[in-house]
Amino acid sequence: MSSHKVSHQAQAVVTGAGSGIGRAFALELAKRGGRVVCADINPASAEQTAALITAQGGEAWAERCDVGQLAAVEALAAAAEAHFGSPATLLINNAGIGIGGKAIGDFTIEDWKFTMDVNLWGVIHGCHVFAPTLRRLGRGGIVNVASTASFAAAPTMGPYNVTKAAVLALTETLSAEMAGTGIQVTALCPTFVKTNIVKDGRIEGGSADFAAKLIARTGVSPESVVKKTLDALDRNQLYVLPQIEARLIWRAKRLTPALYTRGAG
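All of these numbers come straight from a predicted model, not from anything done at the bench.

Calculation criteria
- Residues numbered from 1 in each chain as written.
- Predicted model: local features only at pLDDT ≥ 70, side-chain atom pairs only at ≥ 80, totals over all residues.
- Heavy atoms only, no water.
- Helix = DSSP H or I, 4+ residues; strand = E, 2+ residues; numbered from the N terminus.
- Buried < 20%, exposed > 50% of the residue type's maximum accessible area, 1.4 Å probe, protein only.
- Contact = heavy atoms within 4.5 Å.
- Areas by Shrake-Rupley, 256 points an atom, 1.4 Å probe, with all protein chains shown as cover.
- Phe/Tyr/Trp six-rings, centres within 6.5 Å; stacked < 30°, edge-to-face > 60°.
- Expected span 1.5 Å × (residues − 1).
- Pairing = 2+ DSSP bridges.
- Axes fitted to C-alpha atoms, helices over the stretch in contact; angles between N-to-C directions.
- Core = buried A, V, L, I, M, F, W, Y, C linked by side-chain atoms within 4.5 Å.
- pLDDT = per-residue confidence, 0-100.
- Salt bridge = Lys/Arg side-chain N within 4 Å of Asp/Glu carboxyl O.

### Side note on the overall build of the protein chain
Counting secondary structure elements, the protein chain contains 11 helices and nine strands. Expressed as a percentage of its 265 residues, the buried residues of the protein chain come to 49%. Pairs at least 24 residues apart make up 72% of the contacts formed inside the protein chain by residues separated by at least 6 positions. In the form shown here, the protein chain has an accessible surface area of approximately 11800 Å², with 57% of it arising from carbon and sulfur atoms.

Spelled out as structure tokens, the structure:
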């Protein structure tokens, strides 16, 4: 089945839409003629994003959602359908947190559980709730925001790496299951993007300072990443590695896995 422009005139739900990549997704989708439900655990931030869209003549609504709770994601889908008058046609599973700065064994189990609730269960809940409706519609798309961390496996980022690797596997599985259905599935795997992930996350000590400096020096804009991702979704492209370093790590990991792992330490 040929791909079509899922990102245009979409009825879209964006999680983590209050800032960063999520806000950029919401604004770009509105520019492409979409109507957008901006979901975030921080309702004031979601309202700000929705207000930016409506100020530009678009249609947007804000909803508070804790993606770690299945009932909250089910309520989000129902609220979106009420706003749109019909089911959502595009889901952007973007909500996530950053965590790092400790070795495995030094992170608390609560750190692991908190990270899994947002980064992994949030995406599972989104796919679980929205995928069956999209199948019934026979059109639409899902974008899951993973990370280069999903395959880079850098040290002192255990919970983040593990959750993002699982998100990538989930996305690959969903893509295989959706083949031929008219549903397009894309995994976004960026490196450093100019967002609040360090400030708002649980990245500790020198790792936080190092990450902040790298983002400031090498990070790209959320807007550029989002445009590449939505264009890739429209081409029914599974993987989006928007930066050259992401593509280099991808190739190194696959061509020389043992050498890569020794070098990453």
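### Examining the packing of aromatic side chains
A complete count under the given rule lists three aromatic pairs for this structure. Ring centres of Trp 61 and Phe 84 lie 5.6 Å apart, and the angle between their planes is 80°; on these two criteria the pair is classed as edge-to-face. In this pair, Trp 61 sits in strand β3 (residues 59-64) while Phe 84 sits in helix α3 (residues 70-84), placing the two residues 23 residues apart along the sequence. Judged by relative accessible area, which is 6%, Phe 84 ranks as buried. Taken together, Phe 151, Tyr 239 and Trp 250 form an aromatic cluster joined through their ring pairs.

### A look at the environment of Leu 27
Along the chain, the position of Leu 27 falls in helix α1 (residues 20-31). Given the relative accessible area of 18%, Leu 27 is considered buried. Considered as a pair, Leu 27 and Gly 58 are 31 residues apart in the sequence and their alpha carbons are 9.0 Å apart.

### With respect to helix α9 (residues 222-234)
Spanning 13 residues, α9 covers 18 Å between terminal C-alpha atoms, matching the ideal 18 Å at 1.5 Å per step. For α9, the elements touching its buried residues are α1, β4 (90-93), β6 (140-145), β7 (183-188) and β9 (239-240). Looking at the residues trailing α9, positive phi occurs at Asn 236, about 60°.

### What to know about the sheet that holds β6
A sheet is described by the order of its strands in space; here seven strands give the open sequence β3-β2-β1-β4-β6-β7-β9, paired in parallel fashion. Only two strands of the sheet have a single partner each, and these edge strands are β3 and β9. Bridge count between β6 and β7: six bridges; the pairing is parallel. From the neighbouring strand, Val 145 faces β7, where its bridge partner is Leu 188. Together, β6, β7 and β9 form the strand contacts of helix α6 (residues 158-178), whose direction differs from that of β7 by roughly 160°.

### Some points on the environment of Gly 140
Within the secondary structure, Gly 140 is located in strand β6. Residues Gly 140 and Thr 89 lie 51 residues apart in sequence; the distance between their C-alpha atoms is 4.6 Å. Dropping the residues within four chain positions of it, Gly 140 is found in contact with His 4, Val 6, Thr 89, Leu 134, Gly 182, Ile 183 and Gln 184.

### Quick notes on the pairing of β4
By the alternation rule, side chains of β4 split into Leu 90 and Ile 92 and Leu 91 and Asn 93, which are all buried. In this structure, strand β1 (residues 11-14) lies alongside β4, joined through three bridges in parallel fashion. By the bridge assignment, Ala 12 is partnered in β4 with Leu 90. Two elements, β4 and β6, share four bridges in a ladder whose sense is parallel. In the sheet register, Asn 93 faces β6, and the bridge partner there is Asn 144.

### So, the nonpolar core
Counting residues in each nonpolar core, the largest one holds 36 residues, and the members touching the most others are Val 13, Phe 130, Ile 142 and Leu 174. For this core, the secondary structure elements donating two or more residues are β2 (35-40), α3, α4 (109-137), α6, β7 and α10 (244-255). Broken down by element, this core gets its largest block of residues, eight residues, from α4. With residues near it in sequence (within four places) discarded, Ile 142 still touches Leu 90, Leu 91, Asn 93, Cys 127, Ala 131, Leu 134, Leu 174, Gln 184, Val 185, Thr 186 and Leu 233. Core analysis: the next-biggest nonpolar cluster, separate from the first, contains 28 residues, Leu 188, Val 226, Leu 230 and Ala 232 among them.

### Comments concerning the environment of Gly 101
In this structure, Gly 101 sits in the loop between β5 (99-100) and α4. Gly 101 gets classed as partly exposed once you look at its relative accessible area, which sits at 30%. Taking C-alpha positions, Gly 101 is 8.6 Å from Pro 155, a pair spaced 54 residues apart along the chain.

### Focus on the confidence of the model for the protein chain
The predicted model of the protein chain averages 89 in pLDDT, with 88% of residues at 70 or higher. Of the regions scoring below 50 in pLDDT, residues 210-216 engages in 11 contacts with residues more than four places distant in sequence or in other chains.

### Here's the deal with the pattern of salt bridges
Within this structure, the stated rule accounts for six salt bridges. A salt bridge links Arg 35 to Glu 59, with the nearest nitrogen and oxygen atoms 3.3 Å apart. One end of the pair, Arg 35, is in strand β2; the other, Glu 59, is in strand β3, and 24 residues separate them in sequence. Asp 111 serves as the salt-bridge partner of Lys 102, at 3.8 Å between the closest nitrogen and oxygen. Of the residues examined, Lys 102 reaches a relative accessible area of 19% and is grouped as buried. Using a relative accessible area of 8% as the deciding quantity, one classes Asp 111 as buried.

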